[in-house]
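Breakdown of the fold
One letter stands for each residue in the lines below.
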Amino acid sequence: MESLCNVSFSSEDRSTCLGIQLLSKHDTSINMSDVYAVEFIDWGLVHETLLTNPGFLLGHASEMYRFTVHGVERSKSQPSLWAPVVFTFGHVDKQICQMWVNKINSCLSLETDRPKNLLVYVNPGSGKGNGYRTWESVAPIFSQAKVKTKVIVTERAGHAFAAMASITNRELNLYDGVVAVGGDGFFNEILNGILLPRHKAPYPPSPSDDDPTVETESDVLVHDPTVTVVDPTVSNDDTSPLLKSSSLNESQPVKITDQDSEMSFPNERFRFGLIPSGSTDAIVICTTGVRDPMTSALQIILGKRVCLDIAQVVRWEKSHVSRNKPHVRYAASFAGYGFYGDVITESEKYRWMGPTRYDYAGTKVFLRHRSYEAKIAYMKAEPEKTNVGANARRIKAFWGLSKESERVVCRAKCDICSTASVGPQAEKPDPKQKSNWVSVKGRFLSIGAAVISCRNEKAPDGLVADAHLSDGFLHLVLIKECPRAFYLWHLTQLARKDGTPLNFDFVEHHKTTTFTFTSSGEESVWNVDGEILQAQKLSAQVFRGLISLFASGPET
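A brief look at the structure comes next. Worth saying up front: this structure is predicted, and the values here are computed from it rather than measured.

Applying the stated criterion across every chain, the model contains 21 aromatic pairs. Note on F67 and F89: the rings are 5.3 Å apart at their centroids and 10 degrees apart in plane angle, and the pair reads as stacked. In this pair, F67 is assigned in strand β4 (residues 58–74) and F89 in strand β5 (residues 82–91), connecting sequence segments 22 residues apart. Residue F67 is classed as buried on the basis of its relative accessible area of 5%. Three or more aromatic residues joined by ring pairs form one cluster here, namely F334, F339, Y340, F366 and Y487. For R74, the ring lying beneath its charged end belongs to W82, and the centroid distance is 4.3 Å.

The following block contains the structure:
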């Protein structure tokens, strides 16, 4: 029977001739892997289709018993964009229809990767205050797919973090995953609430210091689950991984008891989900290819899975009980210092301006053109690439005289991420070997560590275009002190599709698994997934595929 589509694609996805839809543009089959529900809807009108001429749909209406199949349709012009589609089938025999419904339900029950029970947190103040409306727009398909959802609308900053940090593992294991309806900052709040009391791993090495009471780079501490951690909050308008921030509350201890420690990460069963409703939504764009709540919701109910690298960021402080007291944060997208931290600080003065305050603050910080003295030490992960003559190459590329080698960007079913996720773990360099470390000291306009590419609407290729979701690397980007015009050139390249923002003499790009940071003199602040973190000494390491996300990766 003719499918009764409930799709919201653009007119480019449909073609007509004299008002009659062309069959070649209309799906007449659907894969069972794209079906999420089937319903028997009793006796009623069905429009039967007849193929009278190649490419044309004509037919007549008749009454019979009907059932509908709910599935997913991909946009032909933008394959990463998904929408629900409904196909109606009919037969004069009610038992025939019921038999088909039972058979399809039997097939759906074999899809064991699909979630049955989800914990959903909604941030009503995310983005422009659309968080709850976003959830209402996608909630019906969870009901149709028979996915149970426990929905909690947050009432204050830090609500989701506190709930996730205090929930027992026994209760958490009742769910197949937790879904955040909000932006990147809200997702980070839930991520930290789950990982801080549960993830067990050695800390990254602390920065070296002339002070003999401070541990050296070779010291690795064992994770203590009762250590003090930074408690994040989320502001009314959600945070961006590159520019925006909310404030941090006082630190508080997060504890986990021995009898309740069966939840660990990486975890094959438990997954995170993110339905975008923020200001930037870089994580969703990198993991689904589009910033679309319905696409994200459909990928959740179909049980799609990608592994995601997570960075552990540790701020080191002296205390009366410890030579180095760690304050821990986890980041899924980005940590930045200098320009990025200054924009956060400046924007807080203009909260009354709304989201436009970030553009205003960014312009002021750019014109100020402030640099900071710091020392960075990072572990060598691969042979270093020289950047000699980068400006000359940039000029040639600008005039079309040369082409850079093609980037290997992350896609759905990415070979690099698949190898990283299922293959043997690559042997990491020994952090106790000084020869494995490279130190860079100087004045920097900005220091960035990207876990993923951080693609967003203002930076279409992201900070690092060829960063992958699960390759086990941090992309360390050091912007050394340079003339303001050169820095502007770098920023304009970030804003361009197929730009080359890393191809400058004053830009260093290093793939690493671990780095340390020490500032001297005047200080900026760190932006960790949109949260402010003040740190004179900091270290970070990446955990390959630490969490699983309900997503399929960007389609080509």
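Moving on, we get to the packing of helix α3 (residues 159–166) against helix α5 (residues 184–195). For the pair α3 and α5, interaxial distance at closest approach is 7 Å and the crossing angle is 20 degrees. The pairing of α3 with α5 is recorded here as roughly parallel in orientation. Like other packed secondary-structure pairs, α3 and α5 cross with a definite hand, here right-handed. Where α3 abuts α5, its residues H159, A160, F161, M164 and A165 lie against F186, E189, I190, N192, G193 and I194. Split into classes, the residues belonging to the contact of α3 with α5 amount to seven nonpolar, three polar and one charged.

With respect to the helices, strands and loops of the structure, N456 is situated in the loop between β16 (437–450) and β17 (474–480). Classification of N456 as buried rests on a relative accessible area of 9%. When the C-alpha atoms of N456 and I285 are compared, they prove to be 6.6 Å apart, with 171 residues separating the residues in sequence. Within the structure, N456 has its side chain in polar contact with the backbone oxygen of C454 (distance 3.1 Å). From its side chain, N456 meets the backbone nitrogen of K458 in a polar contact 2.9 Å long.

Analysis parameters
- All residue numbers refer to positions counted from 1 along the written sequence of the respective chain.
- Since the coordinates come from a predicted model, pLDDT governs what is reported: local features require at least 70, and pairs of side-chain atoms require 80 or more to be given and counted, while whole-chain, interface and lining totals use all residues.
- As a rule here, side-chain values come from all non-hydrogen atoms in the structure, and water together with hydrogens is ignored.
- Classification of ring pairs uses Phe, Tyr and Trp, with its six-membered ring standing for Trp, and accepts pairs whose centres are within 6.5 Å; under 30 degrees between planes counts as stacked, over 60 as edge-to-face, and the remaining range as tilted.
- Numbering goes from the N terminus for both helices and strands, where a helix is a DSSP run of H or I of at least four residues and a strand is a run of E of at least two.
- With a 1.4 Å probe rolled over the protein chains alone, any residue whose accessible area is under 20% of its type maximum counts as buried; one over 50% counts as exposed, and the rest are partly exposed.
- Whether a charge lies above a ring is judged from NZ of Lys or CZ of Arg, which has to be within 6 Å of the ring centre and within 35 degrees of the ring normal.
- With axes taken as lines fitted to C-alpha atoms, and helix axes fitted only over the stretch in contact, angles between N-to-C directions fall between 0 and 180 degrees.
- Put simply, angles under 35 degrees are roughly parallel, angles over 145 are roughly antiparallel, angles from 65 to 115 are roughly perpendicular, and the rest are oblique.
- Handedness of a crossing is defined here by the sense of rotation of the near helix relative to the far one, left-handed for an anticlockwise turn of less than a right angle and right-handed for a clockwise turn.
- Contact definition: two residues touch when any of their heavy atoms are within 4.5 Å.
- Under this grouping Gly is polar, as are all residues other than the nonpolar Ala, Val, Leu, Ile, Met, Phe, Trp, Tyr, Cys and Pro and the charged Asp, Glu, Lys and Arg.
- Whenever two N or O atoms come within 3.5 Å, that pair is a polar contact, provided that in protein one can donate a hydrogen and the other can accept it, and provided that, for residues adjacent in sequence, both atoms are side-chain atoms.

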